[in-house]
Structures are given as C-alpha cells and as structure tokens.
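# Observations on chain architecture
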Amino acid sequence: MIEAVDSLLERWTQPGSPGCAVAVVKDGDILHAKGYGLAHVELGVPNTPETVFRIASITKQFTCLAILMLARDGALSLDDDIRRHIPGLPDYGRPILIRHLMTNTSGLRDSLEAFRLTGLTLGQARSVAEMTALICRQQGLNFLPGDSYLYSNAGFVLLTLIAGKCAGTSLRDFLDTRIFTPLGMASTALLPFDAEVFPGRAQGYALDQGTLWRVGSGFETNGEGGMVSSVRDMITWMSCWGTDRLDGIDPLAILDAPPILTTGVRSRYGYGFMVERYRGLKAYGHSGLLPGFTSNILHLPERGLSVICLSNTLAVNAYLTTRLIADTVPGMDFPEPAFAKPAPALLQRLVGAGLFVDETTGATASFTDAEGRLGGTRYGAPFLLANQDGTESRFQVVQGGFDVVSVEIDGEGVAMTRVDGGVERYVPVAAGDTGADRLGDYVGRYRSAELASDWVIERDGDSLTCRVEGPRGPAEPCALEATRPDVLTGRIGWFGWINRDALFFERQGGRVSGFTLNSSRTRSVRFVSVTN
C-alpha cells in the first residue's frame, strides 16, 4: 500500500514543488503518515505529518460542534430564530433557525461570493464586521429556510458571532479551551488572518502559466474556514469519531445527520459533514479550499478507515486523492468498483460540445477531462462525475456541485438533478440564437443596493466587458459573453477562473431595465439600470 501511495503522489516530490501531507488510519492503527513536496519552496523545508496547513472549510465541523456544546450548556437552542442573536438581519418571512445555518439550508447567499461580486479580491483586507454588514444588507434569499440546500459561508460567519455572544468569549478561545487543548491538538488553532505567525505553518502556492506564486488571503476568516492544523492533529480529531471523548459527545453521531427538507428529500450535508457514499460505503468528511491550500478528510465507518490529505498547492485535488488512497488499502472489500473512466469517445464528445445553457435561469454548464474521468461545471463551479449504473448516460456527482447530485445525458442536452429534487435542463449554446447581434442593448450602468455596487457594461470591439465599481473602488473589467437573447455570462472578479455568472436581462417598453444575477451560490440578485 505504501508503495502505491508513494507512486500516486510522486509528482509532488519533484525539486522545487509544494505538495501535501497524508495519513491512512485503519481501526485506530496508523498505516501511513508522510509528507510530500515542500512546505516552503524558497527555504527547502519539506512537508511532514507535523506541517501546519490551512484546512479551510473543514473548520465548519468544529464550529458546529462548538454550537452543539453551547446548546447542551443551555446557552442557546438550535431552534432559536437567529434574529434573536443577530437583530440586524432582515425578516425574510420565515424564520432562519440556528440549525439551518449549520446544515446550509438557510437560503442565505454565500458571503465570499457576495464580496467577489462587489469587486473585492481575496487578497484584499476584509473584516468580519464588513462581511456581517454585507450579509445583513441582503433583502432576498436563495430559497426559503429549510426548502433546499446550497453551500453558504454566510451561515458560518453568523455562527461565529452567535457562538461568541453565547459563550462570552471568542469562538477561537472556545475551540481552544473545549476541544483543542483537551485533545492535545497543539498544532491546531482558529487563525483569522493569514499574516499571523503560527509555528510550523506551510506557505500556500498556485501555478499560473508555468510560474509558481506564493498566494494567501487578506480576509478575516473565522468559523467558516479559518483553522490551521496538521495531519497528526487531524488523526487525533478523527480518532474521536465514534467515541464520547469530547465531554460525552460523539461527533460522528451528532454531526452527520442531514436534515429532511420541506420537499421531503433528505439533504446531503450534516452539521459540518458532507454525508456521501463511496464505492457502496457510507462516507463522511469535508473538503477545504483557500488560496494556496486544498484539504480533504474521508472516513468510511463500515471499514474503520480514515484518510487525510492536506495540501499547500491548489494543484492537488485533495478530495480525489483521499479516495484514490483508500483504493490502495488492503482488505477493504468495497461493494462497488472504483471510479470508472468513461469511454474516450464520450468524454471527447461532451468536452467538445462547449458551453451549455439553462434557458430558464441563464445558468451555464460544461464538461471537462479530469485526468481521464468526467468532470463538469455549473455556473463555472467544478464537480466530478462517476457512472451511476454502468451506462454512458447517467452519472452521480461525487465531488463538488454544491446542490447538484446527478447528471443525465439526454441526446444533445443535459439534465441536472438538484438535492431538493428539482431538475435543470441544459442545451448547447451553439444550438440556438445567442443574441450576439444585440450587444449594444446591454451597454450601461446597473446598480445593486444589496451589493452596494455598480456594474458598468461597455463595448469592447465586437464584445462586451463588465467593470465592477464597489465599496473598495473599481475592479479590473471582465469579459461578457452572449449565450441567449437577453442572457450574458461572465467570469466576474477573483475566482473568475472558476465561476461563471449569469446575467438575465429584463425589458420595459422594449428597453433593458435591469438584470437578475445568478451565480454558483447566489440567486436572484437584482440590478436596476441607472442609464437606460
């Protein structure tokens, strides 16, 4: 097994390469724990199981555990209306409960994405107070609380505030006192700012057009993704799952319970856990992504197996890595085969079809070659697909996708089923009228009160660009593309290389009066024309 893991991760051992640290634990025994590549390329410092990485959204399960501890202490109830603790939040007609925040069923628009849409880059400074103000400025939701599921960092920003108010101390201190110190996790902390010094930390890197860059975040990040940890400490954390070592609380028993939506469908997200299946087995865990860092922890309780991958380069697909490592463990006896690679002809056809569009919402989709496996995007956000039933037409989403759970190839079109049971239908952009002959109609200035920003759409030869003018000033212009009449899509702001936002225009008296913005974690943000 160790030789197979070394072979899988060999690419990250090349000179001058960042990499990752991994661990494999079976029935409490550490089968493998090793670092690959460099924690600091400039200094030649290697990654080890003790190297400290940003673990990003894995933080969320610790935030949820803190809230559950406070609930048991009587400091709050999971059924509290969050406006009791955050009075500045608008009344949306149906109460948002604390448990809605913990299960990504609140309907709150994602806060990181909202900041991106104001033109702010992840490298610029941003305080939790600014983030809270932006969340409280949102007059609409993605959906009513409890009706659906969509990943939202906003909920965990608010949980940070609620935990601090109810505990009488910061979430950082609460986690250290109640969880990290009792477990002896000395390499783990909630570290809101990248610039703060912490012993043993790795530097994050990204590769851009063949050049390796140091990258980091200027955002203040807390309960939504601010933790640092090591593989060694994550082994300790995951050893608590299935036990009562944390004040009598079993994290696995409490945190892995996805809610039943108002539609009657069970969601896919517990209290800080993705609740999935891998090769026929229950699979619990979480991924993390921040500039320069990816992470994933996987637990297969029916086989007593835990796999950890913490990385200091965006090039490592930590989610796929933990699964491929699990495949190498002897005696696993998986009920289902490993991820099958689709026929090359199908992969080539889907990738070559280019961009697809949902003509109802303006959402876009596409397919990618993910190391010979079928990848996809929706609103530009990537996900990984696997054959659902051995056919070449039905696939399940096994990574990412946010609220999409399956994809069916239907002739030239694509149907995507959401976690709430809704189905979205996509057709190739090239198969219909794109409205490219009407680009002049969209030129002008548009304003969103919720984002406190103007979007200025201008002609650039035969195409259009959008310049975001937000609270921090104007951002670099981004290209827009016509996909259907009165529908434009574009990669707006930072992470534009991932996201593809949809602008769905409306008319009054034949003239464009505004548009509705839909993005991967944001729906129905209204912009009104201030020039037409």
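Residues numbered from 1 in each chain as written. Predicted model: local features only at pLDDT ≥ 70, side-chain atom pairs only at ≥ 80, totals over all residues. Heavy atoms only, no water.

### Description of the pattern of salt bridges
A side chain of one charge can pair with a side chain of the opposite charge when the charged atoms of the two come close. Rules: Here, a salt bridge means any Lys or Arg side-chain nitrogen found within 4 Å of an Asp or Glu carboxyl oxygen. A helix here means a DSSP run of H or I that spans at least four residues, while a strand means a run of E at least two residues long, and both kinds are numbered starting from the N terminus. Here's how the labels work: a residue is buried when its accessible area is under 20% of the maximum for its type, exposed when over 50%, partly exposed in between, all with a 1.4 Å probe on protein chains only.
This model, assessed by the stated rule, comprises 35 salt bridges. Notably, a salt bridge pairs Arg109 with Glu450, separated by 2.7 Å at the nearest N-O pair. You can see Arg109 sitting in the loop between α3 (98-102) and α4 (111-116) and its partner Glu450 sitting in the loop between β22 (444-448) and β23 (453-460), a full 341 residues away along the chain. We note that Arg109, like Glu450, is buried.

### Examining the sheet that holds strand β13 (residues 305-311)
The cut-off we apply is this: One bridge is not enough; two strands pair if DSSP finds at least two bridges between them. The angle between two axes is taken between their N-to-C directions and runs from 0 to 180 degrees, where each axis is a line fitted to C-alpha atoms and a helix contributes only its stretch in contact.
Read across the open sheet, the six strands follow the order β2-β1-β13-β12-β11-β10; overall the sheet is antiparallel. Of all strands in the sheet, those with a lone pairing partner are β2 (29-36) and β10 (274-278), marking the two edges. On average, each strand axis in the sheet is inclined to that of its neighbour by 15°, with strand direction left out of account. Summarising the sheet, β10 and strand β11 (residues 281-290) pair through five bridges and their orientation is antiparallel. Bridge assignment links Met274 to a residue of β11, and that residue is Gly285.

### With respect to empty space enclosed by the protein
For clarity, the threshold we go by: We place a 1 Å grid over just the protein atoms. Points where a 1.4 Å probe fits but has no way out form a cavity, open points with protein on both sides within 12 Å along at least 5 of 7 lines form a pocket, and any residue with an atom within 4 Å of a point lines it. Grid points are joined across faces, edges and corners, and a volume is the space filled by probe spheres set on the points. Basically, the charged four are Asp, Glu, Lys and Arg, the nonpolar ten are Ala, Val, Leu, Ile, Met, Phe, Trp, Tyr, Cys and Pro, and anything else, Gly included, counts as polar.
Going through the model one piece at a time under the given rule, you end up with two cavities of 30 Å³ or more. Put simply, the largest cavity is a space of about 60 Å³. For the largest cavity, the full set of lining residues is Arg54, Pro192, Asp194, Ser217, Phe219, Thr221, Leu290, Pro291 and Phe293. Along the lines of polarity and charge, the residues of the lining of the largest cavity split into five nonpolar, two polar and two charged. Counted as a void, the second largest cavity has a volume near 30 Å³. Around the second largest cavity sit Leu112, Leu122, Ser217, Phe219, Thr221 and Leu290, which together line it. Class assignment of the residues belonging to the lining of the second largest cavity gives a composition of four nonpolar, two polar and no charged.

### Some points on the packing of helix α2 (residues 59-72) against helix α7 (residues 171-183)
For clarity, the threshold we go by: For this classification, under 35 degrees means roughly parallel, over 145 means roughly antiparallel, 65 to 115 means roughly perpendicular, and everything else is oblique. Contact definition: two residues touch when any of their heavy atoms are within 4.5 Å.
Direction vectors running N to C along α2 and α7 enclose 80°, while the axes themselves pass 10 Å from each other. Comparing their axes, α7 and α2 come out roughly perpendicular. Of α7, the residues touching α2 (which contributes Phe62, Thr63, Leu65, Ala66, Met69, Leu70 and Arg72) are Leu171, Phe174, Leu175, Arg178, Ile179 and Phe180. Its residues assigned to classes, the contact of α2 with α7 shows ten nonpolar, one polar and two charged.

### What to know about the sheet that holds strand β6 (residues 189-190)
In spatial order, the strands read β5-β9-β6; together these three strands make up an open sheet with antiparallel pairing. Strands at the two margins of the open sheet, each flanked by one partner only, are β5 (52-56) and β6. Looking at chain direction, β5 and strand β9 (residues 227-230) are connected through four bridges and run antiparallel. Looking at the pairing, Phe53 lines up with Ser229 of β9.

### Here we look at helix α11 (residues 344-352)
We apply this condition: In this description, one arc is meant: the one made by directions from the helix axis to the C-beta atoms.
Every buried residue of α11 is accounted for by Leu346, Leu347 and Leu350. For α11, the angular spread of buried residues about the axis comes to 100°, placing them on one side. Structural note: α11 exposes Pro344, Ala345, Gln348 and Gly352 on the side pointing more than 90 degrees away from its buried face. A positive backbone phi angle near 75° is found at Gly354, which sits one or two residues after α11.

### Notes on unusual backbone geometry
Its identity is not glycine, yet Ala56 carries a phi of approximately 55°, on the positive side. Relative to the helices and strands, Ala56 resides in strand β5. The exposure class assigned to Ala56 is buried, which follows from its relative accessible area of 2%. Even without glycine at this site, Arg279 takes up a positive phi of about 50°. Relative to the helices and strands, Arg279 resides in the loop between β10 and β11. The class for Arg279 is buried, based on a relative accessible area of 16%.

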